[in-house]
Amino acid sequence: MTARWTADEQLDPTWRDGLLGPGTMFELTSDDVCGAVLPVFAQRPRSMPEVLADAADRYGDRPYLVGGDRTITFADAPGVVARLADVLRTRHGIGPGMRVGLAGGVSSAHALTVWAIARLGAVSAAMNPSWTASELAIASTLVEPTLLVVDDAVAERLCEHEIAEVPVITFAELEDSALAAEAPDGSPSRGGVEDRVPSHEIDEDDPFVIVYTSGTTGTPKGATLSHRNAIAFSMAAAATSAVHSILHEIPRGSGTTTVIAASPFFHVSGLLGQLTNSAVWGSTIVIGPPGRWDPGSHLALTEAHRVTSWSIVPTQLWRLIDHPDLDRFDLSSLEMVGGGGATFSPDLLRRTAARLPGVAMTLRVGYGMTETSGSATLLQPPVPDDRLGSVGTPVAGTEIRILGPDGRAVPDGEIGEISIRSAQVFLGYWGDRGATATVLDDDRWYRTGDFGRLDDDHLTLESRRRDMIIRGGENVYPIEIENRLVEHPDIVDAAVVGLDHPTLGQEVRAVIVTTDGSTISTDDVRSWVGVTLARHKVPTVVDVVDDLPRNETGKVLKQALVDTAG
């Protein structure tokens, strides 16, 4: 069977006509998307430069980017972007279809450079600034950028490493050059330079950004997302939430949104979930101090800027709700907490609702991956207890199937590979037709490599394919064990991996982080898991560590746990 968004069909006709009827914001129609006819929003913008121009007209002097002592309003942004684009075009030869590698932390300069590249019809290649020079060289070889724009620290790292003769400049240097091109009156908003940057015809299925998939299991691939993908992400999430709020009579909030840039711009959550999504809906982005994300700083920024929405990964949310000073901060402005990037355990959802009761009815969890622009399903309250372990139902315009080993859809309740189709599904892997053909068919169905099951259109994620453990012929899905582990009062974090075993094939290893002073034993852990899960799912090996290894986006590096097993 195929699961799709059906919440719109439950609306009262008056609400439906006003929200999704002809000419309305969320009117759905069909269109040819790269050879397949798919649901799309009829009133959508057609490119990211159009999004930014519309934002300037609609939101005017509302702050867009706020960081340190610098504020860029929506009205300011097109002029600043035009000057950056003019420098990229005239001094570095950037034009339509060219790639520009970006490697830096979250900053206003980084954000505006993404828009400037799109203004020229070029493509941003979002690189991890913590990569070594060799890793940056590999990523560059893959997409062949004309230019690299990087943070100062990255530039220093590249000084002694030539990357195929690719020029390297810093964001600061690019900004300084753009400032020199300001209008004579020094205005930071609009000036004659906008007229000097030629307009390029951008097709909505042209590439917008290249986001590298995780390199933890091998050489990364460049997932290519189009202008259409980015816009579909924003509109689908908003339509899904709007209809849900009406059906369940959930207050919609103040009407203006302020978010903290808690995800890096080399990740789809930072690029689309924060940077571009905020321009579509007029949200203010607060940029914290340079360096690694810190829960104390996040709480302080929430209070100081009256932040209304948190968009974070599970690790960040755990650290926020368990922060010893949580109750000392004024979080009364907070209207919604949401996120994705990894599975939110039922215990995390319950504890968040208890610690932050003001957002209990707006606690939203998404499931998706880079290849689906970060979104496919959404779990929104009220959620029955038997659905807390799910990742929700399809967002507007998305279809989901569960495939068996033969590639055919399986019935409700059976576990198989999750397959997704929507206007958010990526164009393919840059320069790798073979890898693209392996996961994306002619009808635009993307095979995720994740295992899950559908029950009444609710998707439950069982395991990432690479994480699944096969013990004595039995499939063991780590997520359900991890969810059980973190329900124990002495366990604050957990990861489950498979270890090689001479007769069973694999055995289950649990790696846990415990509370200070805990004396929990291996037998205690095994007994706890065995109360609710079958015997073959009970960990054979239990190791206690200070912290789980994670990458910059909060995902546990499970291969590192396998490699370091005793």
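Look a little higher up for the structure.
As a starting point, this report considers the structure included with it. Because the structure is predicted, anything quoted here is derived from the model rather than measured.

### Some words on the pairing of strand 10 (residues 207–212)
Here's step 1: Most of strand 10 is tucked away: five of the six residues are buried.
Here's step 2: As paired strands, strand 7 (residues 123–127) and strand 10 are joined by three bridges and run parallel to one another. By the bridge assignment, S124 is partnered in strand 10 with V209.
Here's step 3: Of the pairings in the sheet, the one linking strand 10 to strand 11 (residues 222–226) comprises five bridges and is antiparallel in character. Of the residues in strand 11, the one forming a bridge with Y212 is G222.

### Examining the sheet that holds strand 6 (residues 99–103)
Here's step 1: A sheet is described by the order of its strands in space; here seven strands give the open sequence 9-8-6-7-10-11-21, paired in mixed fashion. With partners counted over all chains shown, the strands left at the sheet margins are strand 9 (168–170) and strand 21 (428–429), one partner each.
Here's step 2: In the packing of helix 4 (residues 108–119) onto the sheet, the strands contacted are strand 6, strand 7 and strand 10, and the crossing angle to strand 6 comes to about 175 degrees.

### Thoughts on the nonpolar core
Here's step 1: Counting 94 residues, the largest nonpolar core has F26, Y64, W115, Y367 and F426 as the members making the most contacts within it.
Here's step 2: No other element matches helix 9 (residues 227–247), which puts nine residues into this core.
Here's step 3: Sequence-distant contacts of W115, that is, excluding residues within four places in its chain, are made with M48, V51, L52, Y64, V81, L275, T276 and A279.
Here's step 4: Ranked by size, the runner-up nonpolar core spans 42 residues in total, among them L299, L348, V476 and I491.

### Quick look at empty space enclosed by the protein
Here's step 1: For the structure shown, the criterion picks out two cavities of 30 Å³ or more.
Here's step 2: In terms of lining residues, the largest cavity is bounded by 16 residues, among which P39, V40, F41, A232 and A423 are the most central.
Here's step 3: When residues of the lining of the largest cavity are traced back to their parent elements, those giving at least two are strand 3 (36–41) and helix 9.
Here's step 4: When grouped by side-chain class, the residues that make up the lining of the largest cavity number ten nonpolar, four polar and two charged.
Here's step 5: Put simply, the second largest cavity is a space of about 50 Å³.
Here's step 6: Every residue along the wall of the second largest cavity is listed here: G340, G341, A342, T343, F344, V365, G366, Y367, G368, V391, L461 and R464.
Here's step 7: With three residues, the single largest contributor to the lining of the second largest cavity is strand 16 (residues 363–367).
Here's step 8: Taken together, the residues of the lining of the second largest cavity break down into six nonpolar, five polar and one charged.

### Digging into the packing of aromatic side chains
Here's step 1: Applying the stated criterion across every chain yields a total of seven aromatic pairs.
Here's step 2: Relative to F74, the ring of Y59 lies with its centre 5.3 Å away and its plane at 55 degrees, an arrangement referred to as tilted. With a gap of 15 residues between them, Y59 in helix 2 (residues 48–59) and F74 in the loop between strand 5 (70–73) and helix 3 (77–92) connect regions that are remote in the sequence. For the pair shown, Y59 and F74 are each scored as buried.
Here's step 3: Ring pairing ties together the aromatic residues F26, F41 and W281, which thus form one cluster.
Here's step 4: The ring of Y429 has K221 lying over it, and the distance from NZ or CZ to the ring centre is 5.0 Å.
Here's step 5: When the ring centre of W528 is taken as reference, the NZ or CZ atom of R484 above it lies at 3.7 Å.

### Here's the deal with a negative patch on the surface
Here's step 1: Where like charges cluster on the molecular surface, the negative patch consists of D152, E156, E173 and D176.
Here's step 2: If you list the elements that add at least two residues to the negative patch, you get helix 6 (152–158) and helix 7 (171–179).

### Description of helix 7
Here's step 1: Buried within helix 7 we find F171, L174, S177 and A178. Relative to the axis of helix 7, the buried residues are bounded by an arc of 130 degrees and lie together on one face. Opposite the packed face of helix 7, turned more than 90 degrees from it, sit the exposed residues D176 and L179.
Here's step 2: Structurally, helix 7 contributes buried residues whose contacts are with helix 3, strand 6, helix 4, strand 8 (147–150) and strand 9.

### As for the side chain of T170
Here's step 1: Structurally, the position occupied by T170 is in strand 9.
Here's step 2: Residues contacting T170, with those up to four places away along its chain left out, are V149, V150, D151, D152 and A155.

Rules used in this analysis
Residues numbered from 1 in each chain as written. Predicted model: local features only at pLDDT ≥ 70, side-chain atom pairs only at ≥ 80, totals over all residues. Heavy atoms only, no water. Buried < 20%, exposed > 50% of the residue type's maximum accessible area, 1.4 Å probe, protein only. Helix = DSSP H or I, 4+ residues; strand = E, 2+ residues; numbered from the N terminus. Pairing = 2+ DSSP bridges. Contact = heavy atoms within 4.5 Å. Axes fitted to C-alpha atoms, helices over the stretch in contact; angles between N-to-C directions. Core = buried A, V, L, I, M, F, W, Y, C linked by side-chain atoms within 4.5 Å. 1 Å grid on protein atoms, 1.4 Å probe; cavity = no way out; pocket = protein on both sides within 12 Å on 5 of 7 lines; lining within 4 Å. Points joined across faces, edges and corners; volume = space filled by probe spheres on them. Nonpolar A, V, L, I, M, F, W, Y, C, P; charged D, E, K, R; others polar. Phe/Tyr/Trp six-rings, centres within 6.5 Å; stacked < 30°, edge-to-face > 60°. Lys NZ or Arg CZ within 6 Å of the ring centre and 35° of its normal. Patch = residues over 30% accessible without salt bridge, like charges linked within 9 Å, V, L, I, M, F, W, Y side chains within 5 Å. Areas by Shrake-Rupley, 256 points an atom, 1.4 Å probe, with all protein chains shown as cover. Salt bridge = Lys/Arg side-chain N within 4 Å of Asp/Glu carboxyl O. Lys, Arg positive; Asp, Glu negative; His and termini not counted. Charge placed at Lys NZ, Arg CZ, Asp CG, Glu CD. Arc of directions from axis to C-beta.

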